[in-house]
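Read off the chains here:
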Amino acid sequence: MGLTRQDIVRAGLRLLNDVGLNGLTLRLIAQELDVKAPALYWHVKNKQELLDEMATRMYADAMPGRVPEGLGERDSLEVASRGLRRMMLAYRDGAKVFSGTYMTDESLLGGNPFQGRVDAGLEPYLAGRAWFTVYSYVIGFTIEEQAVYPVPGERDPRYDAPATEWALDDDVEGRFSDGLTMVLNGVFAWLDDKLAP
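Quick caveat: nothing in here was measured; it's all calculated off a predicted structure.

All chains considered together, the criterion is met by eleven salt bridges. Glu-78 is paired through a salt bridge with Arg-82; the nearest N and O atoms lie 3.2 Å apart. A residue pair is termed a helical-turn pair when its members lie 3 or 4 positions apart in one helix, as Glu-78 and Arg-82 do in helix α5 (residues 73-89) at four residues. Residues joined by salt bridges that share partners form a network here, namely Arg-5, Glu-49 and Glu-53.

Here you go:
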């Protein structure tokens, strides 16, 4: 059986943990797959198309059982946010790979987390703004987290002596949780205001 697009994507994800995003090249993937680099271009046009496929695969692999049925809007969004972060942390530079990419399988996107509010009269574009705000927090936090810990479990020594006590404590989980609570509180207060008569 010949080389497939998914073979290339899986090889890219395997190599990502070894070399990081900056070290990942189509030439390196070709070496990993024991093919000539031009063979890859039959399946992916360039590195950005590869990253789109890698991000889609990361998301698809993390999807099963992601958000349990029956949760309210806020709990669903919190569970989904935590799952998104875990998915990105599973790969070196996972947040950088995921940010700014195009989801190549739209069936993975799921429904509107604020559909109940849209049904109650909220303009759909406002629901989109609320969702994008939470999404941007999770991505941004995880990009910064992976800058401090570029290899999982290994802190970049440049961050060993923080400039100030309050700037960067070691409780990453606590910082993420507190930030997510702040963002969700703000988002849901804003949504409630938009729906107020």
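Right, let's talk about the UniProt feature "DNA-binding region" (unreviewed entry) in the protein chain for a bit. Taking the numbering used here, the UniProt-annotated feature "DNA-binding region" (unreviewed entry) corresponds to residues 25-44. Secondary structure content for residues 25-44 is 60% helix and 0% strand, and the end C-alpha separation is 12 Å.

With 16 residues, helix α4 (residues 47-62) ought to run about 22 Å at 1.5 Å a step, and its terminal C-alpha atoms sit 22 Å apart, in line with that. Residues of α4 that are buried include every one of Glu-49, Leu-50, Leu-51, Asp-52, Glu-53, Met-54, Ala-55, Thr-56, Met-58, Tyr-59 and Ala-60, and no others. Each element contacted by the buried residues of α4 is listed here: α1 (5-23), α2 (26-33), α5 and α6 (94-98). Near the N-terminus of α4, the side chain that reaches the backbone nitrogen of Gln-48, with its oxygen 3.2 Å away, is that of Asn-46.

Quick look at the UniProt feature "domain: HTH tetR-type" (unreviewed entry) in the protein chain now. UniProt marks residues 2-62 with the feature "domain: HTH tetR-type" (unreviewed entry), using the numbering shown here. The annotated region residues 2-62 carries 77% helix and 0% strand content, and the separation between its end C-alpha atoms amounts to 27 Å.

The next subject is the packing of α5 against helix α8 (residues 124-148). A pair of packed helices is captured by two measures, namely the crossing angle of their axes and the spacing between those axes. Relative to each other, α5 and α8 sit at 30°, their axes nearing to 10 Å. It follows from the interaxial angle that α5 and α8 lie roughly parallel. Seen from above, α5 lies across α8 with right-handed handedness. Here α5 contributes Leu-77, Ser-81, Leu-84, Arg-85, Met-88 and Leu-89 to the contact with α8, which in turn contributes Trp-131, Val-134, Tyr-135, Val-138, Ile-139, Phe-141, Thr-142, Glu-145 and Gln-146. A class-by-class count of the residues in the contact of α5 with α8 yields ten nonpolar, three polar and two charged.

Below, the discussion takes up unusual backbone geometry. One non-glycine residue, Asp-34, adopts positive backbone phi at about 60°. Relative to the assigned elements, Asp-34 resides in the loop between α2 and α3 (37-40). Here Asp-34 falls in the exposed class, since its relative accessible area comes to 71%. Phi is positive for Asp-93, which is not a glycine, with a value near 60°. When you line up the elements, Asp-93 lands in the loop between α5 and α6. You can call Asp-93 buried: its relative accessible area is 13%.

One can find Gln-146 in helix α8. On the basis of relative accessible area, Gln-146 is assigned to the buried category, the value being 8%. A polar atom in the side chain of Gln-146 sits 2.9 Å from the backbone nitrogen of Ala-95. When neighbours within four sequence positions are excluded, Gln-146 is seen to be in contact with Met-88, Leu-89, Tyr-91, Asp-93, Gly-94, Ala-95 and Lys-96.

All right, on to the environment of Gly-174 then. Relative to the helices and strands, Gly-174 is located in helix α9 (residues 172-195). Owing to a relative accessible area of 16%, Gly-174 belongs among the buried residues under this scheme.

With that settled, consider the packing of aromatic side chains. In total, this model carries nine aromatic pairs according to the counting rule given. Relative to Phe-132, the ring of Trp-131 lies with its centre 6.4 Å away and its plane at 50°, an arrangement referred to as tilted. Of the residues examined, Trp-131 reaches a relative accessible area of 37% and is grouped as partly exposed. Given the relative accessible area of 47%, Phe-132 is considered partly exposed. Ring geometry for Trp-131 and Tyr-135: centres 4.9 Å apart, planes at 20°, overall stacked. A residue pair is termed a helical-turn pair when its members lie 3 or 4 positions apart in one helix, as Trp-131 and Tyr-135 do in helix α8 at four residues. Three or more aromatic residues joined by ring pairs make a cluster, and in this case those are Tyr-59, Phe-98, Trp-131, Phe-132 and Tyr-135. The ring of Phe-176 carries the charged tip of Arg-85 above its face, separated from the ring centre by 4.5 Å.

Scoring rules and cut-offs
Residues numbered from 1 in each chain as written. Predicted model: local features only at pLDDT ≥ 70, side-chain atom pairs only at ≥ 80, totals over all residues. Heavy atoms only, no water. Salt bridge = Lys/Arg side-chain N within 4 Å of Asp/Glu carboxyl O. Helix = DSSP H or I, 4+ residues; strand = E, 2+ residues; numbered from the N terminus. UniProt positions renumbered as here; feature names shortened; annotations may be inferred. Expected span 1.5 Å × (residues − 1). Buried < 20%, exposed > 50% of the residue type's maximum accessible area, 1.4 Å probe, protein only. Contact = heavy atoms within 4.5 Å. Polar contact = N/O pair within 3.5 Å; in protein donor to acceptor, adjacent residues only side chain to side chain. Axes fitted to C-alpha atoms, helices over the stretch in contact; angles between N-to-C directions. Parallel < 35°, antiparallel > 145°, perpendicular 65-115°, else oblique. Left-handed = near helix turned anticlockwise from the far one by under 90°. Nonpolar A, V, L, I, M, F, W, Y, C, P; charged D, E, K, R; others polar. Phe/Tyr/Trp six-rings, centres within 6.5 Å; stacked < 30°, edge-to-face > 60°. Lys NZ or Arg CZ within 6 Å of the ring centre and 35° of its normal.

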